[in-house]
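Single-letter residue listing:
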Amino acid sequence: MKQLLKRLRHRIKALKPASEPLITITVSKGALLNNLAYFAAKTPHGTIAPVLKSNAYGHGLTLIAKMLEKSSVSIPFFVIDSYFEAAALRSDGIKKPLLIIAYTTAKTIAQNNLSGVTYTVTSMDTLEKLSLQKLHKTKINLKIDTAMNRQGISVHEIDTAIAYIKKMRGILLEGICSHFSESDITNSPVTAEQIKQWNIIVQKFRTEFPTLTYWHLSNTDGHLLEKKITSNVSRLGLGLYTQPSPVLQMETIITGIRKIRVGEKVGYNGTFVAQKDMTIAIIPVGYFEGIDRRLSGKGTVMVMTDSELHQAPMIGRVSMNITTIDISHIPNVSIGSRVVVYGRNTHEINTLEKSAEICGTISRELMVHIPAHLKRIQIS
């Protein structure tokens, strides 16, 4: 038996990952907390509910939660997307109250065994099904659709919803919320109408439910409109991770170098043809690691040599786990040289924001596509 246990331990030890991963995601605590304070200072109430859904916008769910838990900024709760995320945070020791902002089935809400979790009811259907469940001290947040036509009860259903909630036992309406549809558009009449409608709704609910704790119509762009909005907490998503400073950086190393001659092709289908003799390198990241395929032949990474960063354009197609770059103009590159794929320096060309522009998309799409299995490392 002892020999068997010894062999098992040896096998387990052999399966442990290498101590030096090829890809590193660094997450700056300083930038994160600075961004949080920046937005808190812009709100009239100074209270922020950070949005940690989708693996904290790709930054690492538990890692970000732990960074934020001891912040000096007033944080009443974390906003997440699902019961799965709530369970993961509780499993990892996060104590902060949680608001699940998206759809949860009535059955899951009724059978909930997690403490400090509030569930958002997004339709009359869910509210009706909840009324048939046996509930005990269940906190809900009611979402109201003020323009998105996506989730939430309509304004015409408010009176019915209020009547339902008042009759339901074992349930507490903790808060109400809505979401902007185009707050990024300056002087939008749609946004102005949303705010006008929302402010009336808040007064109605506060009258009907004197114990109502939270009311929030929000998103990052909406912070510019806070003084016009009747709210006592602001949900902060994208801005938490990007403004004024990007929080995440992806780094890797060069794992191969080769010389090619004029006329030779690179990558799948030979989409890149060398116009001169070149030195090229490969880095062990591709679309599985979150490097968008639309960056093929258009994106840029930064290669470090002699303590200096040099731009290296991507050439050929981004493949599943490999991207090829041109290093012809960069001196002293060797296998193992450091490469910044997505950088935090806003003056460089390889930020997530600028990479997203090249792809014709938004930076959050690139963020959330960085797979969760890549280890996130906290830095100062």
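Higher on the page you've got the structure.
Residues numbered from 1 in each chain as written. Predicted model: local features only at pLDDT ≥ 70, side-chain atom pairs only at ≥ 80, totals over all residues. Heavy atoms only, no water.

Asks: Describe the overall build of the protein chain, and please don't skip the residues or the numbers.
Replies: Looking only at helices and strands, one finds twelve helices and 19 strands in the protein chain. A burial count over the protein chain gives 50% of its 380 residues as buried. Of the contacts formed within the protein chain by residues at least 6 apart in sequence, a portion of 66% connects residues at least 24 apart. Accessible surface for the protein chain amounts to roughly 19300 Å². Of this, 52% is attributable to carbon and sulfur atoms. (Helix = DSSP H or I, 4+ residues; strand = E, 2+ residues; numbered from the N terminus. Buried < 20%, exposed > 50% of the residue type's maximum accessible area, 1.4 Å probe, protein only. Contact = heavy atoms within 4.5 Å. Areas by Shrake-Rupley, 256 points an atom, 1.4 Å probe, with all protein chains shown as cover.)

Asks: Residues and numbers for the packing of helix α8 (residues 158-167) against helix α9 (residues 189-208), please.
Replies: Where α8 meets α9, the axes come as close as 12 Å, and the angle between the chain directions of the two elements is 25 degrees. Our classification of the angle between α8 and α9 gives roughly parallel. Regarding α8 and α9, the two cross each other, and that crossing is right-handed. Together, Ile158, Asp159, Ile162 and Lys166 of α8 and Ile201, Lys204, Phe205 and Glu208 of α9 make up the contact between the two elements. (Axes fitted to C-alpha atoms, helices over the stretch in contact; angles between N-to-C directions. Parallel < 35°, antiparallel > 145°, perpendicular 65-115°, else oblique. Left-handed = near helix turned anticlockwise from the far one by under 90°.)

Asks: Could you give me a rundown of the pairing of strand β16 (residues 308-315), with the residues and numbers involved?
Replies: As judged from the six bridges shared by strand β15 (residues 300-305) and β16, these two strands associate in the antiparallel manner. Bridging from a neighbouring strand, Met304 pairs with Leu309 of β16. The hairpin formed by β15 and β16 contains two residues between the paired strands, and Asp306 there has a positive phi angle of roughly 50 degrees. (Pairing = 2+ DSSP bridges.)

Asks: Please set out helix α11 (residues 352-359) residue by residue, giving values where relevant.
Replies: Buried residues of α11: Leu352, Ser355, Ala356 and Cys359, and no others. An end-on view of α11 places all buried positions within 100 degrees of arc, on one side of the element. Structurally, α11 contributes buried residues whose contacts are with β10 (248-253), β18 (338-342) and α12 (363-368). Downstream of α11 by one or two residues, Gly360 has phi in the positive range, about 70 degrees. (Arc of directions from axis to C-beta.)

Asks: I'd like a description of the sheet that holds strand β1 (residues 24-28), backed by residues and values.
Replies: In any sheet, the strands associate via hydrogen bonds between backbone groups, in a parallel or an antiparallel arrangement. Strands sit in the order β11-β14-β17-β16-β15-β18-β10-β1-β19 across an open sheet of nine strands; the sheet is mixed. Since the sheet does not close on itself, it has two edges, and those belong to β11 (256-260) and β19 (376-379), each with one partner. Taken over all neighbouring pairs, the strand axes of this sheet differ in orientation by 35 degrees on average, direction set aside. Bridge count between β11 and strand β14 (residues 278-283): five bridges; the pairing is antiparallel. In the sheet register, Gly256 faces β14, and the bridge partner there is Ile282. Contacting β1 and β19, helix α4 (residues 61-69) runs over the sheet at an angle of about 20 degrees to β19.

Asks: Can you explain the packing of aromatic side chains? Please cite residues and give values.
Replies: Within the structure shown, the criterion is met by four aromatic pairs. Geometrically, the ring pair formed by Tyr57 and Tyr241 is stacked, given 5.0 Å between the ring centres and 25 degrees between the ring planes. Taken together, the positions of Tyr57 in helix α3 (residues 53-57) and Tyr241 in helix α10 (residues 238-242) put the pair 184 residues apart, joining distant regions of the chain. Accessibility expressed as a relative area gives 1% for Tyr241, which makes it buried. Positioned above the aromatic ring of Phe209 is the side chain of Lys166, whose terminal nitrogen or guanidinium carbon lies 5.8 Å from the ring centre. (Phe/Tyr/Trp six-rings, centres within 6.5 Å; stacked < 30°, edge-to-face > 60°. Lys NZ or Arg CZ within 6 Å of the ring centre and 35° of its normal.)

Asks: Break down unusual backbone geometry for me, citing the residues and quoting the values.
Replies: With an omega of 0 degrees, the peptide bond running from Gln243 to Pro244 counts as cis. Mapped onto the secondary structure, Pro244 falls in the loop between α10 and β10. Unlike most non-glycine residues, Asn332 shows phi in positive territory, near 60 degrees. Here Asn332 shows up in the loop between β17 (323-326) and β18.

Asks: Go over a nonpolar patch on the surface with me, naming the residues and quoting the values.
Replies: Residues Tyr287, Phe288 and Met320 make up a contiguous nonpolar surface patch of roughly 310 Å² in combined accessible area. Structurally, the position occupied by Phe288 is in the loop between β14 and β15. Residue Phe288 is classed as partly exposed on the basis of its relative accessible area of 44%. (Patch = residues over 30% accessible without salt bridge, like charges linked within 9 Å, V, L, I, M, F, W, Y side chains within 5 Å. Salt bridge = Lys/Arg side-chain N within 4 Å of Asp/Glu carboxyl O.)

Asks: With reference to specific residues and values, describe the sheet that holds strand β7 (residues 171-179).
Replies: Strand order in the open sheet made by the six strands is β3-β4-β5-β6-β7-β8, with parallel pairing throughout. In the strand order of this sheet, the two ends are held by β3 (78-80) and β8 (214-218), each with one partner. Across the sheet, the axes of successive neighbouring strands diverge by a mean angle of 25 degrees, strand direction being ignored. Of the strand pairs in this sheet, strand β4 (residues 98-100) and strand β5 (residues 117-121) are connected by three bridges, and their pairing is parallel. Pairing of Leu98 across the sheet is with Val117, part of β5.

Asks: Just give me the short version of the nonpolar core, but keep the residues and values in it.
Replies: Core analysis: the biggest nonpolar cluster contains 100 residues, and Leu52, Ile176 and Phe205 have the highest contact counts within it. Residues contacting Leu52, with those up to four places away along its chain left out, are Leu61, Ile64, Ala65, Leu68, Phe78, Val79, Ile80 and Tyr241. With seven residues, the next largest nonpolar core counts Ile260, Val266, Ala274 and Met278 among its residues. (Core = buried A, V, L, I, M, F, W, Y, C linked by side-chain atoms within 4.5 Å.)

Asks: Tell me about the pattern of salt bridges, and name the residues and values.
Replies: Under the criterion given, the structure shown has seven salt bridges. With a closest N to O distance of 3.2 Å, Asp125 and Lys129 form a salt bridge. Separated by four residues within a single helix, Asp125 and Lys129 lie in helix α7 (residues 124-130), roughly one turn from each other. A relative accessible area of 38% means that Asp125 is categorised as partly exposed. For Glu174, the salt bridge identified is with Lys139, shortest N-O distance 3.6 Å. On the criterion of sequence distance, the pair formed by Glu174 in strand β7 and Lys139 in strand β6 (residues 138-143) is long-range, its members being 35 residues apart. Since its relative accessible area comes to 14%, Glu174 is described here as buried. Salt bridges sharing partners connect three or more residues here, namely Asp292, Arg294 and Glu365.

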